[in-house]
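# Structure at a glance
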Amino acid sequence: MPGDGGTGAGGTGTRPATAGPLWPRSTRMTVGARLGLLALATASALVATRDVRLLAWIGLLAAAGGFGLALPRHRVVGPLSRLAEVIVVCFAVDSVAIRSVAVGDRDGAAAAAAFLPYLLAPVLSAAVYRRTRESLALLGVATGTLVGLAAARHYLTDTDFLVPTVQWLLLAAASAGVVAWVQATLTRQEPPQPYAEATRLLTQLRTVARQLPGATLDPGGIAEHLLDEVRTATGADRAAVLSASGGSRLVVLAQTSGSTDPGHSGLGQAGLGEAGLSQAGLGQAGLGQAGYAAGERIDWETSLDSDSAIADAWASQQIQVAGRSQARSHPGGEVSALVVPLVAGVRTVGLLAVEADTAGAYPPGVVARVAALAAPTALRLEAALLFDEVRSLATNEERQRLAREIHDGVAQELVMVGYGIDNTLAVLPADAVAAFEELRTLRSEVTRVITELRLSLFELRSEVDRQGGLAAAIAEYARAVGASAGLRVHLSIDESTARLPAATEAELLRIAQEAITNARKHAGAQNLWVTCAVDPPFAQVEVSDDGHGIARQRPEGRYGLAIMRERAERIRGRLEIQPREPSGTTVAVVLGSSHRRGTSG
């Protein structure tokens with residue numbers, strides 16, 4: 001019913017045919033109670049007076065209760081309807097008493113109790129709808145009205161009237177109290193609703209994700225698949241899938257250009273090739289550029305404040321066809337641009353931008369074909385982006401939990417071990433030289449392990465701030481590690497105002513942390529060079545040291561390289577490992593291509 005059932009998930013207020021009963025359970029309970037109490041009052045009144053004219057009071061009670069059943073939770077109608085029921089009951093009691101005296105069959109004051117059971121209906125209804133104050137107010141109105149009428153009719157001292165009246169008023173108050181107590185108890189026992197809902201949705205998402213092709217929910221992979229389909233169908237020279245980043249700019253999830261094979265993208269390069277994997281794993285010269293020929297870099301206009309078809313499509317959720325390129329820098333010539341919004345429900349999830357270097361390349365038939373290809377992708381992309389966000393939140397929370405446990409557990413215990421060694425050194429006899437040296441060596445090792453733990457805690461707690469950006473997070477970590485390990489850190493930062501997807505930034509930060517940690521622990525270096533260049537969809541993070549080189553790294557260092565390769569593949573980047581002249585190692589992770597690397601933009 002209006003005001004009680006609420007609106008559906010879509011906010012339209014239309015109730016689906018399979019949505020269940022017309023009334024919710026609370027309303028069905030109050031309907032049943034009213035009907036039962038109304039029948040009881042009718043029978044009692046007829047038995048007491050044998051006057052069918054009293055059925056008019058039954059009609060008034062039904063009318064007053066009808067408004068309350070129609071709009072039980074309405075801020076005005078619901079309370080007024082229940083108040084009307086209480087007042088009608090009180091005057092019906094008075095009427096029954098008068099007519100009983102007129103009939104002369106029994107005492108009028110005793111017969112007046114016939115309608116009193118109906119007081120339970122409005123009082124309990126207010127309690128069921130969690131309106132305790134209203135229940136108390138209704139009881140107060142009923143008590144005052146009955147006392148006033150009894151005084152006027154000289155029933156106030158009549159125990160036959162007073163006893164049942166007090167009994168039913170107390171019963172109504174006790175019933176309302178029981179209802180309020182039960183509701184409060186059930187609310188305390190139920191899990192917090194947001195967590196229960198989150199658990200249900202995550203369980204469903206896990207089930208659905210396992211049934212997807214490849215059992216994956218990867219936004220970049222979904223975007224690349226759409227670009228492959230669009231390029232095959234339209235022969236576009238350039239195309240990109242963009243998504244929101246939480247600011248006034250969009251981020252490029254994947255892109256293609258005419259100089260690449262379909263499927264290659266600015267953020268969607270293939271991972272390490274077989275030869276590259278073996279070279280990196282063996283610590284040789286690294287990966288050649290020829291294996292990673294990227295396409296032309298497209299400098300898309302991703303600002304939502306600009307005068308572009310991309311901004312218009314995002315704001316209007318309508319397909320836009322333009323006769324100019326959506327890139328900030330374009331060599332000129334005839335261009336046709338098509339921007340298709342990816343809409344899931346009422347929300348714009350992303351945009352598909354397609355361009356061809358000819359005029360009139362997108363007539364209505366082609367537009368319809370591209371829109372048909374893009375339509376089913378919107379929901380998939382929204383699910384992947386939501387899953388990516390949930391996974392990122394869960395990962396960050398787990399990192400914070402591990403950091404807390406390490407800090408409060410192992411780290412504190414090691415500090416106590418160090419203090420114990422210090423105390424033992426202080427009380428050793430002067431002639432225990434060998435024991436003194438052994439303990440001093442042990443104390444140095446404990447200090448080293450504590451330092452490692454502190455750096456690990458700092459690494460676990462480091463995150464990319466949405467205001468500071470990727471470069472700031474990497475710079476902060478490099479400075480902290482350099483200060484702790486005695487390394488001279490040389491930073492080179494070049495970051496645009498546009499942002500990469502949050503998940504991509506997080507993986508790049510972890511790769512940089514691993515590379516810096518390897519240089520500190522295994523390279524024996526004195527200098528550390530850290531370079532971070534971000535101009536979405538291009539990004540490059542490079543860490544170099546002047547240590548003894550990758551060939552002499554210990555096994556745990558090689559495990560770190562494997563982790564970096566896995567992270568790079570996860571964001572469809574490429575990891576480059578090569579020696580640095582005259583000594584040391586350079587580790588770089590690259591996304592997309594840039595004009596700085598020899599391509600045109």
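Residues numbered from 1 in each chain as written. Predicted model: local features only at pLDDT ≥ 70, side-chain atom pairs only at ≥ 80, totals over all residues. Heavy atoms only, no water.

### Observations concerning the nonpolar core
The biggest cluster of nonpolar side chains holds 37 residues, and the ones touching the most others in it are L470, I474, L508, I516 and L575. Put simply, the parts of the chain that give this core at least two residues each are helix 14 (470-485), helix 15 (502-522), strand 7 (527-535), strand 8 (538-545), helix 16 (555-570), strand 9 (574-579) and strand 10 (585-591). Residues A41, A114, A142 and A150 belong to the second largest nonpolar core, which totals 33 residues. (Core = buried A, V, L, I, M, F, W, Y, C linked by side-chain atoms within 4.5 Å. Buried < 20%, exposed > 50% of the residue type's maximum accessible area, 1.4 Å probe, protein only. Helix = DSSP H or I, 4+ residues; strand = E, 2+ residues; numbered from the N terminus.)

### So, the confidence of the model for the protein chain
With 76% of its residues at a pLDDT of at least 70, the protein chain reaches an overall mean of 74. For residues 1-23, every residue scores under 50 in pLDDT, and the model assigns this stretch 21 contacts once sequence neighbours within four places are set aside. Here residues 595-601 scores under 50 on pLDDT; set against residues more than four positions off or in separate chains, the count is 21 contacts. (pLDDT = per-residue confidence, 0-100. Contact = heavy atoms within 4.5 Å.)

### Observations concerning the packing of helix 5 (residues 120-128) against helix 6 (residues 132-153)
Where helix 5 contacts helix 6, the axes come no closer than 8 Å and their chain directions differ by 165°. As far as their axial angle goes, helix 6 and helix 5 are roughly antiparallel. Between helix 5 and helix 6 lies a crossing of left-handed hand. Where helix 5 abuts helix 6, its residues P122, V123, A126 and A127 lie against E134, S135, L138 and L139. Considered class by class, the residues forming the contact of helix 5 with helix 6 number six nonpolar, one polar and one charged. (Axes fitted to C-alpha atoms, helices over the stretch in contact; angles between N-to-C directions. Parallel < 35°, antiparallel > 145°, perpendicular 65-115°, else oblique. Left-handed = near helix turned anticlockwise from the far one by under 90°. Nonpolar A, V, L, I, M, F, W, Y, C, P; charged D, E, K, R; others polar.)

### Notes on unusual backbone geometry
Following E581, the chain continues into P582 via a peptide bond in cis, with omega recorded as 5°. Mapped onto the secondary structure, P582 falls in the loop between strand 9 and strand 10. The residue Q317 is not glycine, and still its phi comes out positive at about 60°. Inspection of the secondary structure assignment puts Q317 in the loop between helix 11 (309-316) and strand 3 (320-322). What makes Q317 partly exposed here is its relative accessible area of 30%.

### Description of the pairing of strand 5 (residues 347-356)
The buried fraction of strand 5 is high, at nine of ten residues. Across six bridges, the pairing between strand 1 (residues 238-244) and strand 5 is antiparallel. Bridged to L242 within strand 5 is L351. Sheet topology note: the strand 4 (residues 336-344)/strand 5 ladder contains nine bridges and is antiparallel. Residue pairing across strands places L342 opposite G350, the latter belonging to strand 5. (Pairing = 2+ DSSP bridges.)

### Quick word on helix 13 (residues 433-461)
Compared with an ideal rise of 1.5 Å per residue, which puts 29 residues at 42 Å, helix 13 spans 42 Å between its outermost C-alpha atoms and is within 8% of the ideal. L439, R443, V446, I450, E452, L453, L455, L457, E459 and L460 are the residues of helix 13 that are buried. Where helix 13 is buried, its residues meet helix 12 (364-427), helix 14 and helix 15. (Expected span 1.5 Å × (residues − 1).)

### Regarding the packing of helix 13 against helix 14
For the pair helix 13 and helix 14, the least separation of the axes is 11 Å and the interaxial angle reads 175°. The pairing of helix 13 with helix 14 is recorded here as roughly antiparallel in orientation. The segment helix 13 lies against helix 14, with T451, L455, F458 and E459 engaging E476, Y477, A480, V481 and S484. Of the residues belonging to the contact of helix 13 with helix 14, the class tally is five nonpolar, two polar and two charged.

### Concerning the environment of L381
Turning to its location among the elements, L381 is positioned in helix 12. Residue L381 is classed as buried on the basis of its relative accessible area, which comes to 1%. Sequence-wise, L381 and A223 are 158 residues apart; in three dimensions their C-alpha atoms are separated by 7.5 Å. Not counting chain neighbours up to four residues away, the residues in contact with L381 comprise P219, I222, V241, L253, L342 and V349.

### Here we look at the pattern of salt bridges
Enumeration over the complete set of coordinates arrives at ten salt bridges. Here R238 makes a salt bridge to E355, at a shortest N to O gap of 3.0 Å. Here E355 lies in strand 5 and R238 lies in strand 1, a separation of 117 residues in the sequence. With relative accessibility at 6%, the residue R238 sits in the buried group. (Salt bridge = Lys/Arg side-chain N within 4 Å of Asp/Glu carboxyl O.)

### Quick notes on the packing of aromatic side chains
Taken as a whole, this structure holds zero aromatic pairs when the rule is applied. Sitting above the plane of the W529 ring, R580 keeps its charged end 4.0 Å from the centroid. (Phe/Tyr/Trp six-rings, centres within 6.5 Å; stacked < 30°, edge-to-face > 60°. Lys NZ or Arg CZ within 6 Å of the ring centre and 35° of its normal.)

### Digging into the pairing of strand 6 (residues 488-495)
Regular strands have side chains that alternate between both faces of the sheet. Alignment of strand 6 against strand 7, held across eight bridges, turns out to be parallel. Each residue of the ladder has a partner; that of R488, found in strand 7, is N527. One crossover worth recording links strand 6 to the parallel strand 7 by way of helix 15, and it is left-handed. (Right-handed = clockwise from strand over helix to strand, strands pointing away.)

### Observations concerning the environment of V86
Mapped onto the elements of the fold, V86 is located in helix 3 (residues 77-103). Each C-alpha atom, one on V86 and one on L61, is 8.9 Å from the other, the two residues being 25 residues apart in sequence.

### Some thoughts on the side chain of N527
As for its placement among the helices and strands, N527 is situated in strand 7. Here the side chain of N527 touches R488 through a polar contact of 3.1 Å, side chain to side chain. Polar contacts involving the side chain of N527 include one to the side chain of H490, which spans 3.0 Å. Residues contacting N527, with those up to four places away along its chain left out, are L487, R488, H490, S544, D545 and D546. (Polar contact = N/O pair within 3.5 Å; in protein donor to acceptor, adjacent residues only side chain to side chain.)

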